[in-house]
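Inside the fold
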Amino acid sequence: MKPLCCLLLVLVLAACSPNQDPNQLTLGGPFEFTSQDPSRDGYLYTRLQVAQTLVEVDDEGRLLPGLAERWQTHEEGLLWRFQLREGVRFHDGSPLDAEAAAQAVRQALAKPGVIRAAPIAEVIAEGPSSLAIRLTSPYSPLGAVMAHYTTAILAPASYDARGQVRWMLGTGPYRLAEFDPPHRLGVVRFDGYWGKPANIERAVYLTGHRAESRALQVMAGQTDIIYTLDPASLDLLRRRDDVRVHSDTVPRTIQIKLDASHPFLAERDAREALSLALDREGIASRILRVPGGEANQLIPPSLSLWHLDALPPIGRDLSRARALLAGLGWRAGGDGILQRDGQRFAMSLVTYADRPELFVVATAIQAQLREIGVALDVSVVNSSGIPSGHHDGSLQLALVARNYGNVADPLSLLQADYGDRGNGDWGAMGWHNEELPALLRALQAEPDPARYRQGARRVAQILAEELPVIPVLFYTQQTAVSARVRGFSFDPYERNYRIADMSFAP
């Protein structure tokens, strides 16, 4: 969008913007929602502090008490017992007890979600406030799984006879008041909340597809907080006195997912050549305006158990990249594109618009790979097109922002991507390794922290050496916050918008 057009749009938005409600916080982001079920859109309801989980996560990824005050393992890890808080009530006034919690966990088990990877045999309400989960085999990340939004604890009245959520009744400091999918969701303060009361009375979440439009809305005073900004808006927003831009690292990695069974990508040297052709430093500093964000491995530094501190950066080395491809029989054609056995090294790379920086990075990658004779056709699809292309085999390369902090301990995610049932929707495709699944399986039952750390580092080493997925950048979340908001902070695990801790300037 040209600067003059931007200015005109800001003026129009400001002219038609309603007076700011002094008691309502308005938030905007790119993600649509279609349901109230935690298995589908639960992330939005935990972020808006409507729904809560048995276990919480702090900024360092450590597990904290949530709706469960404490938990213990018994019988060599086969039984987990969660002791529930007393005095907690759902938004319909009914009390949280072990039977209500057990029903919510059983509902989660019956639907898609990370909990289904856990070897759960039985969920038992042992008494008024004691919930037990019995396993068929030890599963060390169960505590982290119980902090995932898909395991949110809802009141029994939330569900209909088929187990579908008809109206979300959670336990958080806000209750659901307005549900207008896919673009508007409103919450109001719940006066019966068991913890510290919220300061702000009402909040509204608005979905906005175009990143530049979301940025203009916060500049025009139509929204208070905008999550996930596009790089082009950052400089404009940073020059304003009435908006603050917050940059926060999160355990998410921008990476190239690829089909390792494709004849052009099956050799490890081919994948390394693509990796060496990338100018990560240039993309980070000049395109995303986040110097130092270059990724040399898949797992970000914040997940320290799984991160290799001593691994050197991946520097750009076009000579080495060309030599690797030449060793595989690729030779430059008349148009500069590599050829082998009569086939051009031309492939498709898809990305999605929910993360506005991805398309900009994808076009930079397109230009950089062209320098070693690899032609990419870049296109934007719905985010659902990535797993769809994975399953039907049509996907060749995809630029994605993979959230490794989706669960505080990424073991269950890595198990889905690379374990016995590997090749997950957002992980590897057409790639197999004999050692890795066994390592992940052993870690599920590993009680010793030192051996767990050693195994996690070996997993990271294999992924860095074999490149079934190519790391590009560690992710920085950019958020614009109106100057009238006080007490803003960002949850690096993206579980909670922390609205209840915010207030408005007098």
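Residues numbered from 1 in each chain as written. Predicted model: local features only at pLDDT ≥ 70, side-chain atom pairs only at ≥ 80, totals over all residues. Heavy atoms only, no water.

1. Some points on the sheet that holds strand 9 (residues 184–189)
Pairing in this open sheet of ten strands is mixed, and the strands run 8-9-10-1-11-19-12-18-16-17 from one edge to the other. Two strands bound the open sheet, and with one partner strand each, they are strand 8 (174–180) and strand 17 (375–381). Strand-to-strand twist across the sheet, computed as the mean angle between neighbouring axes with direction ignored, equals 25°. Taken together, the twelve bridges between strand 12 (residues 243–258) and strand 19 (residues 469–482) define a ladder with antiparallel strand orientation. (Pairing = 2+ DSSP bridges. Helix = DSSP H or I, 4+ residues; strand = E, 2+ residues; numbered from the N terminus. Axes fitted to C-alpha atoms, helices over the stretch in contact; angles between N-to-C directions.)

2. Thoughts on the domain arrangement of the protein
Taken as a whole, the protein is organised into domain 1 (24–224 + 484–504) and domain 2 (249–477). Placing a centre on the C-alpha atoms of domain 1 and another on those of domain 2 gives a separation of 31 Å. Tallying the contact residues gives 21 residues for domain 1 and 24 residues for domain 2. Both faces considered, domain 1 and domain 2 share a buried interface measuring about 1700 Å² in area, 58% of it formed by carbon and sulfur atoms. The largest per-residue losses of area from domain 1 upon contact with domain 2 belong to Phe-31, Tyr-493 and Glu-494, which jointly make up 28% of the total buried on that side. Along the contact surface separating domain 1 from domain 2 lie one salt bridge. Residue Glu-494 pairs with Arg-252 through a salt bridge whose shortest N-O separation is 2.8 Å. Taken together, the connections running from domain 1 to domain 2 amount to four residue pairs in polar contact (both at pLDDT 80 or more). Of all the elements in the fold, those that place two or more residues in the side of domain 1 that touches domain 2 are helix 4 (142–145) and helix 5 (211–219). Of the residues belonging to the side of domain 1 that touches domain 2, the class tally is 16 nonpolar, three polar and two charged. (Domains from an automatic or database assignment. Contact = heavy atoms within 4.5 Å. Buried area = accessible area lost by both parts, 1.4 Å probe. Salt bridge = Lys/Arg side-chain N within 4 Å of Asp/Glu carboxyl O. Polar contact = N/O pair within 3.5 Å; in protein donor to acceptor, adjacent residues only side chain to side chain. Nonpolar A, V, L, I, M, F, W, Y, C, P; charged D, E, K, R; others polar.)

3. Some remarks on the pattern of salt bridges
Where charged atoms from two side chains of opposite charge come close, those side chains can pair. Within the structure shown, the criterion is met by 27 salt bridges. Across the pair Asp-58 and Arg-62 runs a salt bridge, and its minimum N-O distance is 2.9 Å. With a relative accessible area of 52%, Arg-62 lands in the exposed category. The partner of Asp-235 in a salt bridge is Arg-289, and the shortest N-O contact between them spans 3.2 Å. On the criterion of sequence distance, the pair formed by Asp-235 in helix 6 (residues 231–238) and Arg-289 in the loop between helix 8 (280–287) and helix 9 (318–327) is long-range, its members being 54 residues apart. Linked by salt bridges that have partners in common, Asp-59, Asp-491 and Arg-498 make up one network. (Buried < 20%, exposed > 50% of the residue type's maximum accessible area, 1.4 Å probe, protein only.)

4. Topic: empty space enclosed by the protein
The full count for this structure, using the stated rule, is three cavities of 30 Å³ or more. In this structure, the largest cavity is lined by 16 residues; those nearest its centre are Leu-288, Val-290, Glu-357, Thr-476 and Gln-478. Of all the secondary-structure elements, those providing two or more residues to the lining of the largest cavity are helix 6 and strand 19. With five residues, strand 19 is the largest single contributor of residues to the lining of the largest cavity. A class-by-class count of the residues in the lining of the largest cavity yields ten nonpolar, four polar and two charged. The volume enclosed by the second largest cavity comes to roughly 110 Å³. The wall of the second largest cavity is formed by 15 residues, among which Arg-47, Tyr-227, Phe-490, Glu-494 and Tyr-497 lie closest to the centre. Among the residues forming the lining of the second largest cavity, the class breakdown is five nonpolar, five polar and five charged. (1 Å grid on protein atoms, 1.4 Å probe; cavity = no way out; pocket = protein on both sides within 12 Å on 5 of 7 lines; lining within 4 Å. Points joined across faces, edges and corners; volume = space filled by probe spheres on them.)

5. Structural notes on the pairing of strand 10 (residues 202–207)
Relative to strand 10, strand 1 (residues 24–29) runs parallel, the two being bridged by six bridges. From the neighbouring strand, Leu-27 faces strand 10, where its bridge partner is Tyr-205. Relative to strand 10, strand 9 runs antiparallel, the two being bridged by five bridges. Note that in strand 10 the partner of Arg-184 across the bridge is Leu-206.

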